[in-house]
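Here's the letter readout for the chains.
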Amino acid sequence: MLKDSDATSKVEYVVGGEQLVGASRDLAAALIADDAMVVACGKSAVLDRWRLRRDGGPSSSGAQLEAVKAFVSIGFGTPGAPKLVDHVQGHVAELLWHRIISERISCRDGRTLVEAPPIKADALEPGGDGLVVYADASGTLVFRLWEIKKHDSAAGVSKTINRAAKQLRRRGHYYLAKLAGPATLSAEGALGELYDGMVDFWFERSPKAGVGVSVGASLEHRPRNSNTFKSLGAQFPDFPAGGQTESIVVAIPDFPEFAERVKEIVWSGL
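Here is a short report on the structure shown in this document. In this text the structure is predicted, and so the values were computed from the model without any measurement.

On to the side chain of Glu94. Following the sequence through the fold, Glu94 ends up in helix α4 (residues 85-103). Within the buried core, Glu94 has no salt-bridge partner, and the shortest N-O distance to an opposite charge, that of Lys120, equals 4.2 Å. Those residues in contact with Glu94 that sit more than four places away from it in its chain are Ile119, Lys120, Ala123, Asp129 and Ile148.

On to the pairing of strand β9 (residues 245-252). Of all 8 residues in β9, 8 are buried, a share of seventy percent or more. As paired elements, strand β8 (residues 211-218) and β9 share 8 bridges and run parallel to each other. Looking across to β9, one finds that Gly212 is bridged to Glu246.

Attention now moves to a negative patch on the surface. A contiguous patch of negative charge, built from Glu193, Asp196, Asp200 and Glu204, is present on the exposed surface. Here Asp196 shows up in helix α6 (residues 189-204). We classify Asp196 as exposed; its relative accessible area is 61%.

Spatially, 7 strands are ordered β1-β2-β9-β8-β7-β6-β5 in an open sheet, and the strand pairing comes out mixed. One side of each edge strand has no neighbouring strand; the edge strands of this open sheet are β1 (2-4) and β5 (112-115). Here the average twist between neighbouring strands, direction ignored, is 30 degrees. Inspection of the sheet shows β1 paired to strand β2 (residues 12-16) by 3 bridges, in the antiparallel sense. Each bridged residue has a counterpart across the sheet, and for Leu2 the counterpart in β2 is Gly16. Relative to the sheet, α6 contacts β5, β6 (130-135), β7 (141-151) and β8, its axis offset from that of β7 by approximately 60 degrees. Against the sheet, helix α8 (residues 255-267) touches β7, β8 and β9, its axis set at about 95 degrees to β8.

The nonpolar side chains of soluble globular proteins are, as a tendency, buried together. Counting 42 residues, the largest nonpolar core has Phe76, Val92 and Phe258 as its most contacted members. Where this core is concerned, the elements lending two or more residues are α1 (22-41), α2 (46-54), α3 (62-76), α4, β6, β7, β9 and α8. Leave out the neighbours within four places in its chain, and Val92 touches Ile32, Phe76, Phe255, Phe258, Ala259 and Val262.

Our next topic: unusual backbone geometry. For Arg205, which is not glycine, the phi torsion reads 50 degrees and is therefore positive. Among the secondary structure elements, Arg205 is positioned in the loop between α6 and β8. Under the relative-accessibility criterion, Arg205 is labelled partly exposed at 22%.

Conventions and cut-offs
- Residues numbered from 1 in each chain as written.
- Predicted model: local features only at pLDDT ≥ 70, side-chain atom pairs only at ≥ 80, totals over all residues.
- Heavy atoms only, no water.
- Helix = DSSP H or I, 4+ residues; strand = E, 2+ residues; numbered from the N terminus.
- Buried < 20%, exposed > 50% of the residue type's maximum accessible area, 1.4 Å probe, protein only.
- Lys, Arg positive; Asp, Glu negative; His and termini not counted.
- Salt bridge = Lys/Arg side-chain N within 4 Å of Asp/Glu carboxyl O.
- Contact = heavy atoms within 4.5 Å.
- Pairing = 2+ DSSP bridges.
- Patch = residues over 30% accessible without salt bridge, like charges linked within 9 Å, V, L, I, M, F, W, Y side chains within 5 Å.
- Areas by Shrake-Rupley, 256 points an atom, 1.4 Å probe, with all protein chains shown as cover.
- Charge placed at Lys NZ, Arg CZ, Asp CG, Glu CD.
- Axes fitted to C-alpha atoms, helices over the stretch in contact; angles between N-to-C directions.
- Core = buried A, V, L, I, M, F, W, Y, C linked by side-chain atoms within 4.5 Å.

As far as function goes, none of this settles anything; it's purely spatial.
In structure tokens:
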């Protein structure tokens with residue numbers, strides 16, 4: 001369950017994750033593991049092969065097993081060559097963000113979700129972490145560019161939010177160029193026009209543009225008030241409208257262990 005920010009906060013934010021314990025935690029880990037493989041495999045038959053093995057079926061062999069390993073390794077490595085813990089946690093933070101964004105059909109400022117393109121299969125790939133398109137209350141298409149981090153330091157999560165906000169301010173135009181350019185090849189109509197103008201809208205600080213920062217963290221780093229998010233508004237003073245700056249913090253009991261469990265489920269499909 002996600003808790004909304006108070007109405008006085010300049011940055012619209014939600015915080016959740018504290019109830020992910022017991023059966024709910026196991027279900028969430030399984031969903032995120034499946035999401036990871038959908039991102040990696042797309043519509044490839046390897047996805048069905050992986051799911052069959054994950055659910056207790058026989059393991060693939062030969063070339064088919066090597067193909068499963070190839071897709072699994074993109075985000076998590078393999079048991080014999082695992083990805084670094086930091087990389088796995090970052091990937092899980094991005095997967096959690098995308099799951100929340102995809103299920104959050106309506107926003108408090110009247111936006112409704114149009115599309116949330118898949119995240120990168122490899123969290124280490126350079127470029128933007130997330131891009132979301134909405135229709136505002138009047139039906140105009142708008143977008144939000146997101147930076148997603150995991151937080152594991154002793155310092156408050158506000159420092160991670162500040163670092164992500166600065167990164168968006170410095171490199172947001174570059175991220176948008178990489179994300180929006182390819183989308184113009186298939187998007188049509190008003191959506192195609194939005195993608196075509198995204199970088200312009202970013203530099204203009206248009207009402208059609210906006211930013212978000214999402215953080216995956218352990219429960220002890222759960223934000224207590226809106227002060228945690230002030231740096232995001234400070235980095236983007238030209239995005240003054242409600243919802244133009246927003247944040248998500250998923251504060252799970254023992255986030256590193258949760259990410260490890262997601263990896264274990266992914267590996268169970270080998």
